[in-house]
Amino acid sequence: MTTGPPPGTSLNAARRERELAALPGEVVDVLVVGLGATGAGAALDAASRGLSVAAIDAHDLAFGTSRWSSKLIHGGLRYLASGQVDVAHESAVERGVLMRHTAPHLVRALPFVMPLTPLVPRARAAATLAAYRAGDALRLAARTPRSVLPGPRRLSAVETLRLAPALRPYGLRGGLLSWDGQLADDARLVTALARTAAGHGARILTRVHAVALAGDGALVRDELTGREYTVRARSVVNAAGVWAGGLVDGVRLRPSRGTHIVVRAETLRGLTAGLQIPVPGAASRFMLVMPQGDGRVYVGLTDEPLDGPIPDVPEPTDGEIGFLLDILGSALDVPVRRADVAGAFAGLRPLLDSGPGGSASTADISRRHAVLTSRDGVVTIVGGKLTTYRRMARDAVDAAVRARGLAAGPSGTARLPLVGAAPRDRLDALDAPARLVQRYGTEAPLLAALGADDPALLEPVVPGLPVLGVELAWAVRHEGALDAGDLLDRRTRIGLVAADRAAALPAAEALLPRGALR
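What this report covers is the structure whose coordinates are included nearby. (Residues numbered from 1 in each chain as written. Predicted model: local features only at pLDDT ≥ 70, side-chain atom pairs only at ≥ 80, totals over all residues. Heavy atoms only, no water.)

1. Examining the side chain of Ser235
Rule in force here: Secondary structure elements follow DSSP: runs of H or I of four or more residues count as helices, runs of E of two or more count as strands, with numbering from the N terminus. Burial status follows relative accessibility: with a 1.4 Å probe on protein chains alone, a residue under 20% of its type maximum counts as buried, one over 50% as exposed, and anything between as partly exposed. As used in this structure description, the phrase polar contact means that two N or O atoms lie within 3.5 Å; if the pair is within protein, one of them must be able to donate a hydrogen and the other to accept it, and residues adjacent in sequence are counted only when both atoms belong to side chains. Here, residues are in contact when the closest pair of their heavy atoms is within 4.5 Å.
The residue Ser235 is located in strand 10 (residues 228–238) in this model. A relative accessible area of 1% places Ser235 in the buried class. A polar atom in the side chain of Ser235 sits 2.7 Å from the backbone oxygen of Asp29. Each residue touching Ser235, except ones within four places of it in the same chain, is listed here: Asp29, Val30, Leu31, Gly215, Ala400, Arg404 and Leu406.

2. Details of the nonpolar core
Put simply, the rule is: Definition used in this section: a nonpolar core is a set of buried Ala, Val, Leu, Ile, Met, Phe, Trp, Tyr and Cys residues joined via side-chain atoms within 4.5 Å.
Formed by 50 residues in total, the largest nonpolar core has its most connected members in Val30, Val32, Val53, Leu189, Ile204 and Leu418. Those elements giving two or more residues to this core turn out to be strand 1 (27–33), helix 2 (37–48), strand 2 (53–56), helix 4 (85–102), helix 7 (186–199), strand 18 (379–383) and helix 9 (389–404). Once you skip the residues sitting within four places of it in the chain, Val30 turns out to touch Ala46, Leu51, Ser52, Val53, Ala54, Ser235, Val237 and Leu406. Among the nonpolar cores identified, the runner-up in size contains 26 residues, and Val113, Ala166, Leu268 and Val289 belong to it.

3. Overview of empty space enclosed by the protein
The line we're drawing: Points on a 1 Å grid, built from protein atoms alone, make a cavity when a 1.4 Å probe fits but cannot get out and make a pocket when they are open with protein on both sides within 12 Å along at least 5 of 7 lines; residues with an atom within 4 Å of a point are the lining residues. Grid points are joined across faces, edges and corners, and a volume is the space filled by probe spheres set on the points. Note on residue classes: Ala, Val, Leu, Ile, Met, Phe, Trp, Tyr, Cys and Pro are nonpolar, Asp, Glu, Lys and Arg are charged, and everything else, Gly too, is polar. By convention here, the domain bounds are inherited from an automatic or database domain assignment.
As enumerated under the stated definition, the model contains 5 cavities of 30 Å³ or more in all. Empty space within the largest cavity amounts to approximately 100 Å³. Around the largest cavity sit 14 residues that line it, and Leu11, Arg16, Ile204, Thr206 and Gly480 are the ones nearest its centre. No other element matches the 3 residues that helix 1 (residues 13–22) contributes to the lining of the largest cavity. Of the residues assigned to the lining of the largest cavity, the class counts are 5 nonpolar, 3 polar and 6 charged. Taken together, domain 1 (13–66 + 187–252 + 363–415) and domain 3 (424–511) each give at least three residues to the lining of the largest cavity, which thus spans both. There is about 80 Å³ of room inside the second largest cavity. Only helix 7 and helix 11 (434–440) provide two or more residues apiece to the lining of the second largest cavity. Considering each element in turn, the lining of the second largest cavity owes the most residues, 4 residues, to helix 7. Considered class by class, the residues forming the lining of the second largest cavity number 4 nonpolar, 2 polar and 5 charged.

4. Remarks on the pairing of strand 2
Our working rule: Whether two strands pair comes down to DSSP finding at least two bridges between them. The handedness of a crossover follows from its direction of travel: if, with the strands pointing away from the viewer, the path from the first strand over the helix to the second runs clockwise, the crossover is right-handed.
On strand 2, burial covers both faces: Val53 and Ala55 on one face and Ala54 and Ile56 on the other are all buried. In this sheet, strand 2 lies alongside strand 1 in parallel orientation, the contact comprising 4 bridges. If you follow Val30 over to strand 2, its bridge partner there is Val53. Following the backbone out of strand 1, through helix 2 and into the adjacent parallel strand 2, one traces a crossover that is right-handed. As paired elements, strand 2 and strand 7 (residues 203–205) share 3 bridges and run parallel to each other. Its bridge partner lying in strand 7, Ala55 is registered against Ile204.

If you want it as structure tokens, here you go:
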């Protein structure tokens, strides 16, 4: 009987201190800078090939863009509409990899309804249904079975209102139903990647800031003590996302901000499917309304260029929040008011600047990723999207292996299950609360067992939210959480609503070891 996590996968303060102390005396094969999805994915890719790996981040796992996504693993329909067939096919393939092999516990099928309101002309409805069918052809080409992702179809007005009772019934002609992949939590995906990489021997080190990079290593600073170290490496992968250009000369990025708002589920009266609401004047853009299963609904997203310095935590603007509320209100019987917005968050896309003559709008910049190698051999990976993090990571490690002549075979991550992954029938048979199974997979019974000695840990951290105390305790013991921010803002998403965060803060601080960050 399993009594603990898989060997080597536990991350905690003691392991961090031990591995950081040993690092200056070694030469690692690969140093990865950045522990978002791509960086954690690169650490796993390299470590699973038998390479020695150190992966660092100035803050925490999923501190940057990777925690601010729409939580969708999508099949690339938008890219198909813009003629980027290769990008769309890559997205569909990677969606299938996650849903069937590497993270079926974290990614599930989510139905989406596009309501056919009077604002949606019949010609646009026909074109959208044709696009959905083309997306279904991509699913088939990616060899994802219908049992995993059902096909699209038309809905009657009655069926549409059953899935989304808050829609305005007047003039509703029905809806179009499609399916895509939904992540239980994007930050949980990053955590699973980092822990799986650790299980293959990678050193996962948060609060370690890269002061300067070179092709043979980096000068780094321990943000907890202020001490600086020289880390020697045979190759360096810069996966710092929107901050990548500040570490390597010649990397030019054009970040864009994507904002979501958070509303309580009761505001949208029984929504059981996602909504795709067309954005007026944009043929292939939709606003997405996504129920999260935790009593919250995310509504997004915008695409606005970022001017000026790159903030650690971007802030949504009042204009973006107003834009989202206006589009949402165009389809609802009772519009959502500004006072109904419980929270908001914004993420920055690390888009590659195409230079003079490039697209005037960040919404039109290609989401293809790019692997750039500097003169001194630093490999930088930029662009792309959350769905294709694994391909990005693989391509970055391939480039590092080629450039430095490292002894490593091909990537095997397409069939490498992440911590907690298992076939759907095994997950459904686990004896643990459904919420824990959907977020922790096969480890869910281990979390439930933490409540045997302290039943209070099986209670919600905040009344009205499903997050349990065992989730915070597990994060401290096995997921590298060092402070309350790690617990509330990344290992769980309590912090997306300020009032919920304030209510949960005492419980989070009580579970941290004495002397931990506060």
